[in-house]
Amino acid sequence: ANDHTQLHASPAGDQYRFEIESKVDRDYEWVAHHLPAPKRVARGETVFAEVAGKGELRPGTWFHDGAVGNLHVRVAAPAGADVIVNVSFR
């Protein structure tokens, strides 16, 4: 089946950009290692809410595990969409 997904993460100044090109409707959780807690996580004008733990993650939310420096971002990607989530640290 042609249901592959392209994922790309890149630093850009004081931000990170996560991009998903999904062939099918799917819910993704990004885990980025060795990052400080972000100031803002957003998809366009939609600001994601911070949650208190990994178990509370839902699409449109994020959690920073300060003990190990991992950032978890959960996002729903509809089929055929190019989803870009920007993570700002300042």
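Scroll up for the structure.
Residues numbered from 1 in each chain as written. Predicted model: local features only at pLDDT ≥ 70, side-chain atom pairs only at ≥ 80, totals over all residues. Heavy atoms only, no water.

Novice: For the pattern of salt bridges, give the residues involved together with the corresponding values.
Specialist: Pairing of side chains with opposite charge becomes possible as their charged atoms draw close. All told, the structure shown has three salt bridges when counted by the stated rule. A salt bridge links Arg90 to Asp14; its shortest N-O distance comes to 3.3 Å. Residue Arg90 is located in the segment after β9 (82-88), and its partner Asp14 is located in the loop between β1 (5-12) and β2 (15-22); the two are separated by 76 residues in the primary sequence. Residue Arg74 is joined to Asp27 by a salt bridge in which the shortest nitrogen-to-oxygen separation is 2.6 Å. Taken together, the residues span a long stretch of sequence, with Arg74 in strand β8 (residues 70-77) and Asp27 in strand β3 (residues 26-32) at a distance of 47 residues. The class of Arg74 is partly exposed, set by a relative accessible area of 21%. Taking the relative accessible area as the measure of exposure, Asp27 reaches 36% and is therefore partly exposed. (Salt bridge = Lys/Arg side-chain N within 4 Å of Asp/Glu carboxyl O. Helix = DSSP H or I, 4+ residues; strand = E, 2+ residues; numbered from the N terminus. Buried < 20%, exposed > 50% of the residue type's maximum accessible area, 1.4 Å probe, protein only.)

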